Amino acid sequence: MKKYYDKCILNEEKECNDCGKCDFCDLEPTKMCDNCEKCLDNADYNGTIIEKVDMKSF
């Protein structure tokens, strides 16, 4: 199984173990994220930081 990240994006002190918790919705924890962006309605920014691009998958 391939890891998405080197470090856990929910807890930077841990190594990613590919648990998949970061794939779920912040507002509805039982729903997989579908990029609806409803969680960004109250954000004071509108952007995304790209940390890594895996060129091997292209």
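A quick note: this is a predicted structure, and the numbers were derived from the prediction, not measured.

Participant: Would you mind showing me how to read the overall build of the protein here?
Facilitator: Helix and strand content of the protein: zero helices and zero strands. A total of 58 residues make up the protein; the buried ones form 9% of that total. Within the protein, counting contacts between residues at least 6 apart in sequence, those at least 24 apart form 6% of the total. As presented, the protein carries roughly 6,000 Å² of accessible surface, and 50% of it is formed by carbon and sulfur atoms.

Participant: Looking at this structure, how should I read the pattern of salt bridges?
Facilitator: Oppositely charged side chains may form a pair once their charged atoms are brought near each other. This model, assessed by the stated rule, comprises one salt bridge. A salt bridge links D34 to K31; the shortest N-O distance between them is 3.8 Å.

Reading the values: rules and limits
- Residues numbered from 1 in each chain as written.
- Predicted model: local features only at pLDDT ≥ 70, side-chain atom pairs only at ≥ 80, totals over all residues.
- Heavy atoms only, no water.
- Helix = DSSP H or I, 4+ residues; strand = E, 2+ residues; numbered from the N terminus.
- Buried < 20%, exposed > 50% of the residue type's maximum accessible area, 1.4 Å probe, protein only.
- Contact = heavy atoms within 4.5 Å.
- Areas by Shrake-Rupley, 256 points an atom, 1.4 Å probe, with all protein chains shown as cover.
- Salt bridge = Lys/Arg side-chain N within 4 Å of Asp/Glu carboxyl O.

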